[in-house]
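Structural characterization, general
The lines below spell out each chain.
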Amino acid sequence: MTEDYRMVKEGKGAEYWRWTESRWTNPDLDWKQGEVVSAGVDVGSVSTQAVVMVDGKLYAYSNMRTGSDSPESANKAIEWAFEGTGLTLDNLKATVGTGYGRVNVPFATKAITEIACHARGANFMYGPTVRTVLDMGGQDCKAIHCDEKGKVKAFLMNDKCAAGTGRGMEVFADLLGVHINDVGEMSLSVEEEPPPVSSTCVVFAKSEASGLLREGWDKEKVLAAYCSAMAHRIVDLLERIGVEKEFAITGGIAKNPGVVKRLAKELNIEPLPTDMDTQIAGAMGGALFARALYLKKMKKK
Amino acid sequence: MAKYKTEPLRLWNKAKELRLKFYENYAKAHEKGGLRWAGGAWTLDAIPRGLGDDVWSITSEPYAASIAFNKKFSLRCLEATERAGYARDLCSYMRNYWGSIILDEYAFPEFSKKWPKPDFIFQDHICCSHSKWYQVVCDLEPGVPMFSVDVGCAPAMKADGETFKYVPMPQHAIDYVVGQCLDGIDFLVKVTGREYNDELLRKAIYNHMRSTALWAKVCELQKTIPAPLEEKTLYSLYVLGVLAKASQWCADFYEELLADVEDRVDRGIAAIAEERARLISDTQPPWGFLKVFRYLEEFGCISIGSLYTFGLVGQWELKEDGTWGAKTFPASVDDLPKDREGMLAEYIKFEINKPEWQHFYHPALKSAMMIKIARDWKLDGVMLHYNRGCEGLTIGIAENRLALQKAGFPVMTFEGNMGDEREFDEARTMARIDAFMETLSLNKIEV
């Protein structure tokens, strides 16, 4: 349990929206034995991830909140991913920066959009059968069609609105005083599904939720109404591009069962399961692109 | 070394001068005893030309686009209309225009500090906002007489999936519009106290035919690889036809332009040196952010035009070989009827099948025309502007996206507003372009 989460649980007043940061190293790999160490750094509006791959295998990653300074966030993320491994930037053959802050990754070889990186990362994470990727990010939401190699064929992004995004969910967690990690499960505990909140703007949805609380709705019911609205809005985006099987979800909201289960029910399609952290898909795609870039460069020589 | 040779358009400065002269003439018309009139860019503008050569129009939409390009003034205009109680989700051209009246400021202060009030309004109706636009203007400028022509009489096309064909305009539809034009001339005579000169009308109708067909010929040349012009330049050229297609100077300019562009094609002069992929866009662009077109060029991608630039001014027809080309027009003004009703009938028959009027009837017509352009102009993709500022031209655009995709063309959409910069998100639009370029396998060209 992280410090933030513990403080919330113990009622010590931490901020409810602060989702759990994490890092991981593959105990079965030794990067010194590998030939190509590549990295991807996804500087998103809400979170930053760094993924290190050794010869195309996942070696280490970090997943943390983005600060106000994109280069600093990128540096912190890669340093945390390196922690305890002995790796330094000098050991990276190539790095791809992605996410909205992709051009601000100081040590990147190249910047590639998060749409391409999420498709490539989902291909690695879920396998080559994936044809539709839904990236539910902090600030926007993208529906992506890709081929068996994870190459983007078409994409659609959400309208200029925070509803249906991670930031919107964070606002609701704070409003209701429910830790963001618990929002999804809590929303599923209602006996009867309430109507979704009608506002698509997160600011207005927040006002609407305040009204519902004043009317006597309990937190679970309000969360169910918001998760349902978010799921419906995402389904609308997906249906505009069409859902081709197999279907996979990446990004932070993929960890929210309150949205994912409602979305699957409305679509009548079960998303593919994964044991990996769905938030690292973009950085993972970046690391794979970085490896390919390096190999291409070597081939030219 | 650059892939293609480029050079500036020879007539660039002349186009800019003509546009400014247009706004100067409108502002200063009264100084020389002339008349000013207001009306939209779709108005049958040959008709007021029968009042004399000293009658100048403001042409509302491009005037509002000029305001939109000046972000500071535009914001003041938009906020002025909002303070006056008009809703923010209305046509943004209309709101910029109203704002200029409310503030009593002209967008070209070098010619007039104050808004030059028109002597009369001569408008037509193809979209709902066109109808309401001048109703409100009449509230804002009491006493300015207005006449409107309803041109929504019948579609000139039928679409069958990816193809379309022209259908003859029913006689009753032509009679319906011509009848209103005849009434319109009576109105003009009454409110101006001037005599009406049918020979000037005849000449204007002929110039209209010349301008619109010549512009289509220029757009036809965009089929060339590399394209001789890019869309940002096309906007600066098509606007002259939008402003005054029935004028002698506009028709003459387009004749000169056609020769110039033909010369560029003959010499292999490209609009951009590294043309690697070709797109079209659609509907009015976000005028305050034309840099999106320059950004495309960083990837070697060119927008070679749009149904909007091709078809708002250009007049087209399907040729026997199946190509879509410039409409045939009479060899001389003497080939037009001499009687008023007869010449008006020829004018309406010529004008009413303009491409940009067709999708007001059904989006399938627009989809078929866009697919035709996509195939014949050898495109790699399409970039659609979900323009919150214009209901008329944005209606059906999501259906156009589906049709283009079904026909095999990659499509990118972006949201914005042609005349209200508050609804355009530059960073996100550029991010979408980055992703779209990646799907087209285009990297930024290293300088």
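Source: prediction; values computed, not measured.

1. Describing the overall build of chain B
Secondary structure summary: chain B contains 17 helices and 14 strands in total. Whereas a compact globule of 447 residues would reach a radius of gyration of roughly 22 Å, chain B reaches 21 Å, a difference of no more than 12%. Counting every position in chain B, which comprises 447 residues, the buried fraction comes to 53%.

2. Comments concerning the interface of chain A and chain B
With twelve residues of chain A in contact, the opposing surface of chain B contributes ten residues. Counting only elements with at least two residues in the side of chain A that touches chain B, the list comes to helix H3 (114-126) and strand S9 (152-157) of chain A. For the side of chain A that touches chain B, the element with the most residues is S9(A), which contributes five residues. Of the residues contributing to the side of chain A that touches chain B, the split by class is eight nonpolar, one polar and three charged.

3. Observations concerning the confidence of the model for chain B
Predicted confidence across chain B gives a mean pLDDT of 95, with 100% of residues reaching 70 or more. Interface confidence for the predicted complex, given as ipTM, is 0.73, next to a pTM of 0.86.

4. Concerning the sheet that holds strand S4 (residues 120-125) of chain B
Hydrogen bonding along the main chain pairs the strands of a sheet, whether they run parallel or antiparallel. Residues and elements named next belong to chain B. Pairing within the open sheet is parallel, and its four strands lie in the order S3-S2-S4-S5. Looking at which strands have only one partner, the edges of the open sheet turn out to be strand S3 (55-57) and strand S5 (146-150). Ignoring strand direction, the axes of neighbouring strands in this sheet form an average angle of 25°. In the sheet, S4 pairs with S5 via five bridges, with the strands oriented parallel.

5. Considering the pairing of strand S8 (residues 141-146) of chain A
Residue and element names in this part refer to chain A. In terms of burial, S8 is largely enclosed, as six of its six residues are buried. Side-chain alternation along S8 places Cys141, Ala143 and His145 on one buried face and Lys142, Ile144 and Cys146 on a second face that is also buried. Across five bridges, strand S7 (residues 132-136) lies against S8 in antiparallel orientation. Bridge pairing links valine 133 to isoleucine 144 in S8. In this sheet, S9 lies alongside S8 in antiparallel orientation, the contact comprising five bridges. Paired with cysteine 146 across the two strands is valine 152, which belongs to S9.

6. Looking at the domain arrangement of chain A
All names here are of chain A. Each domain of chain A was delimited in the assignment, giving domain 1 (3-128 + 278-300) and domain 2 (156-267). Taken together, the contact pairs 17 residues of domain 1 with 18 residues of domain 2. Where the side of domain 1 that touches domain 2 is concerned, the elements lending two or more residues are helix H1 (3-9) and H3. It is H3 that provides the largest number of residues to the side of domain 1 that touches domain 2, a total of four residues. For the side of domain 1 that touches domain 2, a count of residues per class yields nine nonpolar, seven polar and one charged.

Rules and cut-offs
Residues numbered from 1 in each chain as written. Chains lettered and ligands numbered in written order. Predicted model: local features only at pLDDT ≥ 70, side-chain atom pairs only at ≥ 80, totals over all residues. Helix = DSSP H or I, 4+ residues; strand = E, 2+ residues; numbered from the N terminus. Rg over C-alpha atoms; globule rule 2.2 N^0.38 Å. Buried ≥ 20, exposed ≤ 12 C-beta atoms within 10 Å, placed from the backbone. Contact = placed C-beta atoms within 7 Å. Nonpolar A, V, L, I, M, F, W, Y, C, P; charged D, E, K, R; others polar. pLDDT = per-residue confidence, 0-100. Pairing = 2+ DSSP bridges. Axes fitted to C-alpha atoms, helices over the stretch in contact; angles between N-to-C directions. Domains from an automatic or database assignment.

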